[in-house]
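Structural description and commentary
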Amino acid sequence: MQCVRRQPKRTKSEEIIFQQQSKKTALENGKRLGLEGDEDLKFLLTGGNLKKVKSSSWRKMRFYKLQEDCKTIWYNSQKPVKSRGSQTFSIDDIEDVRFGRQSEGMKKYTEGGLEDFCFSIIFKGRRKNLDLIADSPEEAKQWVTSLKKIIEHTKSMNQQQNREHWIYSCMRKADKNHDNKMTLKEMKSFLKHINFEVNESYADLIFVKCDKSRSGTLEGSEIEEFYKILTYRQEIDVIYTKYAQTEGKMSPQDLAQFLQHEQLEAVTASDACSLIEKYEVDEEAKQKRQMTRDGFLIYLQSPLGMIFNPAHSVVYQDMTQPLNHYFISSSHNTYLMEDQLKGPSSPEAYIRALLKSCRCVELDCWDGPDKEPVIYHGYTLTSKVLFKDVISTIKQYAFKASSSQPITMIQSNSGGVEEKRFLESQHCLFLIDSLLTFSIGTVLPGLDAFAEQLKGKFLIKGKRLNKLESFFEDNTIEEEFVSEEDEAADVKVEQAKEKPSKRSKIKLAKELSDLVIYCKSVHFPGFESAREKQSFYEMASFKEGKAEKLALVSASAYVCHNIDKLSRIYPAGSRTDSSNYNPVNLWNVGCQIVALNFQTSCKEMDLNQGKFMQNGFCGYVLKPEFLRDRSSQFNPYNLKLNHQLKPKILHVMIISAQQLPKVKNNKDNSIVDPLVKVQIEGVPDDQQKQQTEYIQNNVLIGLNPMWNESFRFKVCVPELALLRFVVEDHDVASHNDFIGQYTLPFTSLQNGYRHVPLLKKNGNLISSTSLFVHIMVMDSQ
């Protein structure tokens with residue numbers, strides 16, 4: 001086996017011992033992943049040479065290998081040590097592994113003959129893809145298969161397994177001489193690394209207590225004892241002891257009592273038996289149908305013990321309603337990876353949006369070379385991407401996150417008729433079996449209609465030459481001029497001089513026009529005129545400022561409009577940095593397609609992801625009844641008129657947190673001073689937030705800082721409310737540093753003692769971190 005660590009010189013016998021210990025560590029971590037003895041895991045642990053591709057001329061051989069933690073890929077580099085960047089990346093940072101020439105870099109810098117030799121590692125966030133070439137197609141497939149397997153098994157690890165893995169990985173890093181033993185000095189370094197500040201005497205006390213062999217180092221079972229002391233959770237012991245009334249353990253009846261009284265779940269002793277069978281780790285206790293403290297903790301850290309109701313992780317809402325009765329997860333300028341002025345355009349941006357359950361994407365089409373259309377942000381310096389590459393990508397990834405719910409493609413065309421005919425042919429070439437090219441009625445269909453006729457279809461939103469009613473008539477129009485409202489190229493003032501006027505005439509090919517069935521783009525004439533003249537299949541688009549003004553001034557009229565019609569909202573052109581507006585105010589008046597810049601990590605995107613977490617993450621959420629009922633008088637700014645509302649009282653206790661990560665820009669010796677903010681986002685009367693005190697230096701609380709602070713919120717419109725937790729590192733001199741957040745629909749809350757997972761700024765899970773809270777939702781008297 002090739003030695004991959006840069007490590008101090010060892011004697012031959014020391015090296016043999018080290019390699020044996022590394023194998024043992026890899027074996028333990030593989031077992032924790034559920035891959036004990038797995039051939040794919042062995043392949044990654046052995047590693048191999050791969051050619052890294054960065055350009056047509058830059059291809060260099062690198063050795064890649066999975067480290068013994070089974071979560072980190074190491075690779076060598078020929079750079080000088082001082083200029084050498086990070087030589088590792090985490091399995092958790094990988095978004096996808098794609099076989100063949102499926103990345104932009106591979107398509108651009110490699111030949112078609114290398115198709116079966118190539119694969120790409122796609123990272124989360126803005127990190128560049130890693131494009132690699134193997135020596136053979138078999139080896140390339142082996143890398144892809146093996147990496148995908150370990151990624152899936154890593155995702156399936158429960159909170160307890162993730163925490164144990166994280167702790168032992170940190171210990172390995174603190175083990176400077178790699179002898180699998182911890183000296184007192186190494187232990188103190190490790191405690192700093194995991195955000196645990198203790199005084200010298202307390203550190204000495206822990207060390208002496210665990211050093212049973214009196215060897216001056218900790219190893220084996222002594223490290224396990226050290227881990228138990230670090231991760232001890234007093235709050236779990238208090239809860240468990242209260243209900244463990246059978247030989248000091250929980251019987252099925254004891255567990256059922258806990259679930260009924262604390263979690264407010266309608267369960268029986270038989271249900272409790274099933275939980276014991278699933279989560280108990282002690283075989284002797286399992287045979288006696290008892291749950292130990294460890295099993296109880298694993299249950300609390302499972303999906304059943306999370307704050308988000310697992311029943312909402314599948315499609316559970318009524319899908320028979322008309323399309324306009326749903327909120328639809330929607331993106332703006334989907335092709336952009338960064339800003340709106342000179343950032344890169346890429347098919348990758350569509351993949352990322354679609355995998356986040358986005359069901360409405362945007363294509364800005366312009367004349368390209370050789371009459372081949374391109375997509376980019378017109379009148380700017382953003383890069384261009386071929387239209388056919390985007391369509392191919394959408395076809396491939398459209399239904400991976402949501403297997404059947406339809407995609408709306410918002411198309412803005414700025415070329416001539418010839419290009420539009422080419423455009424139409426490209427649609428048909430890639431989407432011939434998936435484009436909706438017919439009407440199935442005289443009203444907007446419900447999503448249940450997609451089960452037979454429209455499931456897995458693409459809807460085109462754009463201009464149409466004539467009324468849908470004339471679709472089946474003999475129409476010989478080949479091309480015609482129509483009025484085009486410029487929605488996408490709304491950029492800086494100085495660029496506006498180069499743009500066509502907002503109501504300019506454009507040519508439109510009949511072939512392309514006929515693809516527009518249910519989402520014909522029309523100008524908004526006002527609520528009264530729209531009520532009389534706008535057809536069910538016509539959709540108006542609103543710039544954020546106009547939409548927010550209408551929502552504020554004419555909320556009831558806007559609600560009524562959105563009961564019968566589709567509305568699309570898009571960010572103002574002044575948001576050149578791809579920032580976002582608050583979507584909540586537009587959801588409050590029933591706007592269905594509230595488009596955001598998906599490439600930007602921000603609070604607004606957190607709210608969007610939280611909103612669409614429910615209903616199986618399918619990208620469609622049924623609007624509340626008062627936003628669907630034609631007799632509704634709902635006004636989010638005047639709730640006194642809404643007697644049908646059923647307010648709730650929310651009691652939240654923030655109990656503790658587990659394994660909060662250090663903030664990146666903090667110094668190595670800095671300890672996080674954590675606080676928790678609890679926020680309600682919804683109608684104006686429900687906008688509120690409270691926060692805990694911060695815990696200074698986390699002293700003697702270590703991996704599980706405790707607050708035990710309670711808050712009370714009155715929520716007037718729970719159907720539109722989102723609950724948001726934000727954990728920050730308190731800073732006296734400047735703004736607090738963000739640690740993690742979690743946002744979910746109020747109606748998806750589970751009562752009782754619950755863990756709250758935390759997400760990074762980019763929306764990805766922090767695998768070993770959570771909050772522990774108590775939730776109680778009650779009817780308001």
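For every chain, the first residue of its written sequence is number 1, and the numbers climb from 1 along that sequence. Local features in a predicted model are, by the rule used here, given only for residues with pLDDT of at least 70; side-chain atom pairs are given and counted only at 80 or more, and totals for whole chains, interfaces and linings are based on all residues. As a rule here, side-chain values come from all non-hydrogen atoms in the structure, and water together with hydrogens is ignored.

So, the overall build of the protein
As a reminder, the rule being used: What counts as a helix is a DSSP run of H or I of at least four residues, what counts as a strand is a run of E of at least two, and both are numbered from the N terminus. A contact between two residues is defined here by any heavy atoms of the two lying within 4.5 Å. Using a 1.4 Å probe, accessible areas were evaluated by the Shrake-Rupley method; residue-level cover was limited to the displayed protein chains.
Counting secondary structure elements, the protein contains 23 helices and 28 strands. In the protein, 67% of the contacts between residues at least 6 apart in sequence involve partners at least 24 apart. Accessible area of the protein: about 34,200 Å², with a carbon and sulfur share of 50%.

Some remarks on the sheet that holds strand 5 (residues 94–99)
The cut-off we apply is this: At least two bridges found by DSSP between two strands is the condition for calling them paired. Under this scheme, a helix contributes an axis fitted over its contacting stretch, all axes are lines through C-alpha atoms, and angles between N-to-C directions fall in the 0 to 180 degree range.
Taking strand neighbours across the sheet as the criterion, the seven strands line up as 4-3-2-1-7-6-5 in an open arrangement whose pairing is antiparallel. Every interior strand has two partners, whereas the edge strands, strand 4 (88–90) and strand 5, have only one. Direction aside, the axes of adjacent strands within the sheet are offset by 30° on average. Of the pairings in the sheet, the one linking strand 6 (residues 118–123) to strand 7 (residues 130–133) comprises four bridges and is antiparallel in character. In the strand pairing of strand 7, Ser 120 is matched with Asp 131. On top of the sheet, helix 4 (residues 137–155) reaches strand 1 (48–53), strand 2 (59–66), strand 3 (72–75), strand 5 and strand 6; it is set at about 155° to strand 5, its chief contact.

Topic: the packing of aromatic side chains
The test is simple: Stacked, tilted and edge-to-face are the three classes applied to pairs of Phe, Tyr and Trp rings, where Trp contributes its six-membered ring and a pair requires centres within 6.5 Å; stacked means planes under 30 degrees apart, edge-to-face means over 60, and tilted covers the rest. Here, a charge over a ring is recorded when the distance from Lys NZ or Arg CZ to the ring centre is within 6 Å and its angle to the ring normal is within 35 degrees.
A full pass over the atoms with the stated rule returns 23 aromatic pairs. Aromatic rings pair up to connect Tyr 64, Tyr 75, Phe 89 and Phe 123 into one cluster. Directly above the ring of Trp 58 sits Lys 54, whose terminal nitrogen or CZ lies 4.9 Å from the centroid.

Here we look at the environment of Pro 674
With respect to the helices and strands, Pro 674 occurs in strand 22 (residues 674–681). For the pair Pro 674 and Ile 695, spaced 21 residues apart in sequence, the C-alpha to C-alpha distance is 5.6 Å. Ignoring sequence-local partners within four residues, the contact set of Pro 674 consists of Leu 660, Glu 693, Tyr 694, Ile 695, Pro 705, Trp 707 and Glu 728.

Side note on a nonpolar patch on the surface
Operational definition: Only residues whose relative accessible area exceeds 30% and that form no salt bridge enter a patch; like-charged residues are grouped when within 9 Å of one another, and nonpolar side chains (Val, Leu, Ile, Met, Phe, Trp, Tyr) when within 5 Å. Salt bridges, as used here, are contacts in which a Lys or Arg side-chain nitrogen is within 4 Å of a carboxyl oxygen on Asp or Glu.
A cluster of nonpolar side chains, namely Leu 552, Val 553 and Tyr 637, defines an oily patch on the protein surface of about 310 Å² accessible area. Note on placement: Leu 552 falls in helix 20 (residues 544–553).

Some details on the confidence of the model for the protein
Stated formally: Scored from 0 to 100, pLDDT reflects the predictor's confidence in each residue.
For the protein, per-residue confidence averages 85 on the pLDDT scale, and 83% of positions sit at 70 or higher. Low pLDDT, under 50, characterises residues 81–85; the predicted model gives this stretch four contacts beyond four residues in sequence or across chains. The model gives residues 476–503 a pLDDT under 50, and that stretch makes 73 contacts with residues more than four places away or in other chains.

A few points about the pairing of strand 27 (residues 752–759)
Put simply, the rule is: Partly exposed describes any residue whose relative accessible area lies between the buried limit of under 20% and the exposed limit of over 50%, with all areas from a 1.4 Å probe on protein chains only and scaled to the type maximum.
When you tally the buried positions in strand 27, you get eight out of eight residues, the bulk of the element. Two elements, strand 27 and strand 28 (residues 765–779), share seven bridges in a ladder whose sense is antiparallel. Along strand 28, the bridge assignment pairs Leu 759 with Leu 765. In sequence, strand 27 turns back onto strand 28 through a hairpin of five residues, with Gly 763 there showing a positive phi of about 90°.

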